[in-house]
Amino acid sequence: MRWMLRAVVTAVLLVAAAFAVTACGSSDDSSEGGSTASSAGATTGAKPGTKITLWHNSADPPALRQLYRDFEADTGIELEAVANPSAGFEDTTLTRWASGSRPDVLEYHPTVTNLLALNPRANLRDLSGEAYIAKSGDLYRSAATVDGKTYGAVIGFPQVFGIFYNKDVFARAGIETPPTNAAELIEACRTILARAPGVTPIAESGGSQWPVQVLPTLLMGDANPDNRWGQELRSNRAHLDDDGSPFTRAMETYKQLRDDGCFNRDAASATVENSVRGLVEGRVAMVALHSDMIAAMVAAAGGDAAKVDRAIGFFAIGGETPAATYIPSPIGSYYLPRTGDADREAAALEFIRYVTGRGYGRYIAAARAFPVIEGTPEPAGVSALAREVKAAYDRGPANIAYAADVPGVGGVMVLINKLLIGQVEPQQIAEQTQKAVEQAAKAAKLEGW
Amino acid sequence: MASTTLTPEAGAPEQTAVRSSDPTPRRRKSPREGGHWPWFALPAVVLVAVFFALPFLLNAGFAFSDWSGFSDEIGFNGIDNFRTLIDQEIFWPAVRTTLLYAVCVLVFEMAVSLTLALALESTTRINTIFRSLFFIPVLISPLAAGYIWKGMLATNGPINGMLSFLLPGTVETAWLGDPTTALPAVALIEAWKWSGLITLVYIAGLKAIPKELLEAATIDGANAWSRFWRIKLRMLAPALTFNVAVTLAVALMAYDVIAPTTGGGPGDHTTTLNIAMRLQWGQSFFGPASALSLTVAVLVIASAVPLVMWMRKKEVAQ
């Protein structure tokens, strides 16, 4: 048996050594360069028949899937679309990514927070200089860009966060003007509790995890004009747990709403689908969500978009003053991981140019979505509710969410869930989240840490 | 016992005759003599080494590293990951929840399975049907089971509906959203999932008890409780050891039933070590995730091994 033991130990050590060499080796060779070195109109050299892989979100709407098929038909490049489930999308994508597996095109969040987790300097191709960037206004000041280099392409309209409300319930409660700040929201809740018994003033969905972040994010949205606060947090010049920070104040308002009985009794475990259904059916007065959830509202209304337009309204809100809070959408945002295969890299770049170029107009028309690249007309047939959201965004102030540039805030949803059941206090959430920010910022070697 | 029948000494007469004509008779070595029997263990040893020992060793290494998705460099950072997890109030609550969850599952599962095994011990047609029915949850994917129960236990789900029908008033308990009921609820789901298997092991153990022993006890005046307590339960010791060890190991590694039902909530009331590990992983903190994973392994070894050794000793004593 001794020989067997020796053989097993040797094999284990050999594999461990090989792993250590590959895992610990730095990739200095890939830290510089790697730019597509492109300019508008330059050819990619992509060859028809090349096969590339796309990791995409399973929640991609039909129009986006059609765009993928159009790309194949128009370029002759074969696109193998591999779906990552939208539930746990970040986990699944990062788990695959951490294993060293790489697609040719990756659909993922364009926020800097999420981009940093991909270690873009080492793993992604620099797309700075591509034609679509100059045609997208100041979108890339806050999206898919780190240290002045743009690594992604964004074709989806930003997710605009705000409160969707049931118009009938507001009318019944005698609320003529939707609340615009924290104090008015608390007041509106009390009014609904008094005048519309049986209706949940604000539906929360702790069972779906992410929705609980939305309301606190809105309540600090007005504190982040031009992303200044986010930049300060990122560079260690401001902290979430500072005295009187917008973060702590937002959490205190959230706690007040909980104490006033504004949330549903099963707030910690309810799902977002239930909340949306309650809103459409008039059992719920308000739900804090983002604009991509309009599709879920239409689904809850049995596919009747007109019914949703009649029943549901939207308003922007902030802690002190109203602000439309947004983040660049993960749906329709793409990166090009480095693969080292010239043919596939050329085909992947062709994909980016196609979806931001000749395929874009057709996609916008089919999706009935608002374009983010100049020169594309707004499509017909967009729902009234979607237009209301867009109007709030255009009217402004429209501020990017504080978390868009700050790494390490992924755990805040668990802490807010704890707040919902009285397990923690607002200041504790701020302190714990700040520690996670510090942990991530140091790991990412951000300036100022 | 079986090996002695394969030795030449125990062979049939005609085989002996054939061998006697062989000028160089080959004698097969018994396992005790160190023959080539260990070869049969080789596939199992290799599989264990590659799929269990190696990942365990590598994971142990990463637990003390600053591996994250934010950088392509991995360096040794001592016990920083554990320190960070303790500092962020993740580590000890997760250990506490994991142990509590394991104890709940163990108690629920043993109570249900032993009761079922005693009820379904005799092999009748109706019992066979019930045994099959109780075994069905074992075959269901844990994730699917979790989603089914999430629907059943929803505030407007069938469980509350049934309770509202039976009890006065309307029952709207958020079983999975209330801090007091969430952990017992998911532990019950885990117990429901595996009780069918544990029951079968107990039934097999009960079947192995000599009938004469029970008949003698009955003649001596032992009632049903005495027969169970003094004979059946003691004779079930090997089955009990197996069931406790398996249940404990599975419960300490709990993830797949909790993820679809509560996701670790409400708050962190059902955040076991593996759920906490997944949350760290999802934020690209791979070092702390490995530290939590290592803790699970250590916890399983530290609790299951002494327990099994103690129970084995008790078996021998009996």
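Residues numbered from 1 in each chain as written. Chains lettered and ligands numbered in written order. Predicted model: local features only at pLDDT ≥ 70, side-chain atom pairs only at ≥ 80, totals over all residues. Heavy atoms only, no water.

**Student:** Hey, could you run me through the sheet that holds strand β1 (residues 51-57) of chain A in this one?
**Tutor:** Two strands in a sheet stick together by hydrogen bonds in their backbones, pointing the same way (parallel) or opposite ways (antiparallel). All names here are of chain A. One open sheet accounts for 5 strands, arranged β2-β1-β3-β12-β6; its pairing is mixed. Taken across any chain shown, the strands that pair with only one partner, and hence form the sheet edges, are β2 (78-84) and β6 (152-154). In this sheet, neighbouring strand axes are inclined to one another by 20° on average, regardless of whether the strands run parallel or antiparallel. Two strands pair when backbone bridges link them, and β1 and β2 are joined in this way by 7 bridges, in the parallel orientation. Within β2, the position partnered with His56 by the bridge is Ala83. Sitting on the sheet, helix α2 (residues 62-75) is in contact with β1, β2, β3 (105-107) and β12 (333-335), with an inclination near 175° to β1. Across the face of the sheet, helix α16 (residues 342-356) comes into contact with β1, β2, β3, β6 and β12 while running at roughly 50° to β1. (Pairing = 2+ DSSP bridges. Helix = DSSP H or I, 4+ residues; strand = E, 2+ residues; numbered from the N terminus. Axes fitted to C-alpha atoms, helices over the stretch in contact; angles between N-to-C directions. Contact = heavy atoms within 4.5 Å.)

**Student:** What should I look at first to understand empty space enclosed by the protein in this one?
**Tutor:** Over the atoms, a rolling probe the size of a water molecule traces out where space has been left empty. Taken as a whole and assessed by the stated rule, the structure comprises 5 cavities of 30 Å³ or more. Residue assignment for the lining of the largest cavity shows that the elements contributing at least two residues are α19 (412-420) and α20 (426-443) of chain A together with α4 (91-119) and α13 (273-282) of chain B. Broken down by element, the lining of the largest cavity gets its largest block of residues, 4 residues, from α19 of chain A. By residue class, the composition of the lining of the largest cavity is 10 nonpolar, 8 polar and 3 charged. Its boundaries defined by the atoms lining it, the second largest cavity holds a volume of some 90 Å³. Around the second largest cavity, the lining residues are Gly206, Gln209, Ala268, Met413, Val414 and Asn417 of chain A together with Thr262, Gly263, Gly264, Gly265, Gly267 and Leu279 of chain B. A total of 3 residues in the lining of the second largest cavity trace back to one element, the largest contributor, which is α19 of chain A. (1 Å grid on protein atoms, 1.4 Å probe; cavity = no way out; pocket = protein on both sides within 12 Å on 5 of 7 lines; lining within 4 Å. Points joined across faces, edges and corners; volume = space filled by probe spheres on them. Nonpolar A, V, L, I, M, F, W, Y, C, P; charged D, E, K, R; others polar.)

**Student:** Help me understand the pattern of salt bridges, please; the structure alone is not making it clear to me.
**Tutor:** Two side chains bearing opposite charge may form a pair once their charged atoms approach each other closely. Counted under the stated rule, the structure contains 24 salt bridges over all chains. The salt bridge partner of Asp70 of chain A is Arg362 of chain A, with a shortest N-O separation of 3.3 Å. Of this pair, Asp70 of chain A sits in helix α2 while Arg362 of chain A sits in helix α17 (residues 360-367), and the two are 292 residues apart along the sequence. Taking relative accessible area as the criterion, Asp70 of chain A reaches 13% and is therefore assigned buried. As a salt-bridge pair, Lys232 of chain B and Glu121 of chain B come within 3.5 Å of each other at their nearest N and O atoms. Linking Lys232 of chain B in helix α10 (residues 224-235) with Glu121 of chain B in the loop between α4 and α5 (125-139), this pair joins segments that are 111 residues apart in sequence. Lys232 of chain B gets classed as buried once you look at its relative accessible area, which sits at 17%. Residue class for Glu121 of chain B comes out buried when judged on its relative accessible area of 18%. What emerges from the salt-bridge pattern is a single network uniting Glu378, Arg387, Lys390 and Asp394 of chain A. (Salt bridge = Lys/Arg side-chain N within 4 Å of Asp/Glu carboxyl O. Buried < 20%, exposed > 50% of the residue type's maximum accessible area, 1.4 Å probe, protein only.)

**Student:** What is the right way to read the packing of aromatic side chains from this model?
**Tutor:** How two aromatic rings sit relative to each other is given by the distance of their centres and the angle of their planes. Residues and elements named next belong to chain A. Counted according to the given criterion, the structure contains 30 aromatic pairs over all chains. Taking 5.2 Å as the distance between ring centres and 80° as the angle between the ring planes, the aromatic pair formed by Tyr334 and Phe351 counts as edge-to-face. Linking Tyr334 in strand β12 with Phe351 in helix α16, this pair joins segments that are 17 residues apart in sequence. For Tyr334, a relative accessible area of 1% gives the class buried. Clustering of aromatic rings is evident, with ring pairs tying together Tyr68, Phe71, Tyr334, Phe351 and Tyr354. When the ring centre of Trp97 is taken as reference, the NZ or CZ atom of Arg102 above it lies at 3.8 Å. The residue whose ring lies beneath Lys390 is Phe370, and the NZ or CZ to ring-centre distance is 4.9 Å. (Phe/Tyr/Trp six-rings, centres within 6.5 Å; stacked < 30°, edge-to-face > 60°. Lys NZ or Arg CZ within 6 Å of the ring centre and 35° of its normal.)

**Student:** I keep staring at the pairing of strand β9 (residues 284-290) of chain A and nothing clicks. Help me out?
**Tutor:** Here is the key point about a regular strand: its side chains alternate between the two faces of the sheet. Residues and elements named next belong to chain A. Burial analysis of β9 places 7 of its 7 residues in the buried class, which makes it a mostly covered element. Bridging between strand β8 (residues 200-202) and β9 involves 2 bridges; their strand directions are parallel. Bridge assignment links Ile202 to a residue of β9, and that residue is Met286.

**Student:** Before we go on, may I ask you to explain the environment of Asp343 of chain A in this structure?
**Tutor:** Residue and element names in this part refer to chain A. Structurally, Asp343 can be placed in helix α16. Residue Asp343 is classed as partly exposed on the basis of its relative accessible area of 34%. Each C-alpha atom, one on Asp343 and one on Lys51, is 9.1 Å from the other, the two residues being 292 residues apart in sequence. If we ignore the near neighbours within four places in the chain, the residues touching Asp343 are Lys47 and Thr50.

**Student:** Help me understand the confidence of the model for chain B, please; the structure alone is not making it clear to me.
**Tutor:** Parts of the model with low pLDDT should not have their predicted coordinates read in detail. Residue and element names in this part refer to chain B. In the predicted model, chain B carries a mean pLDDT of 85, and the fraction of residues at 70 or more is 87%. When pLDDT is averaged over each helix and strand of chain B, the minimum, 41, is found for helix α1 (residues 13-21) and the maximum, 95, for α4. Segment residues 1-22 is flagged for pLDDT under 50; beyond a separation of four residues in sequence, or across chains, it makes 8 contacts in the model. Among the prediction metrics, the complex's ipTM stands at 0.76, with pTM recorded as 0.79. (pLDDT = per-residue confidence, 0-100.)

**Student:** I tried to follow the state of the cysteines on my own but got confused; where do I start?
**Tutor:** Formally, a disulfide is one covalent bond, and it connects the sulfur atom of one cysteine to the sulfur atom of another. Residue and element names in this part refer to chain A. Overall, the coordinates contain 1 disulfide over all chains when judged by the stated rule. Cys189 shares a disulfide with Cys262; S-S distance 1.8 Å. Across the S-S bond of Cys189 and Cys262 the torsion is about -105°, and the bridge reads as left-handed. Of this pair, Cys189 sits in helix α9 (residues 182-195) while Cys262 sits in the loop between α12 (246-259) and α13 (272-281), placing them 73 residues apart in sequence. Considered together, Cys189 and Cys262 belong to a single accessibility category, that of buried residues. (Disulfide = S-S within 2.5 Å.)

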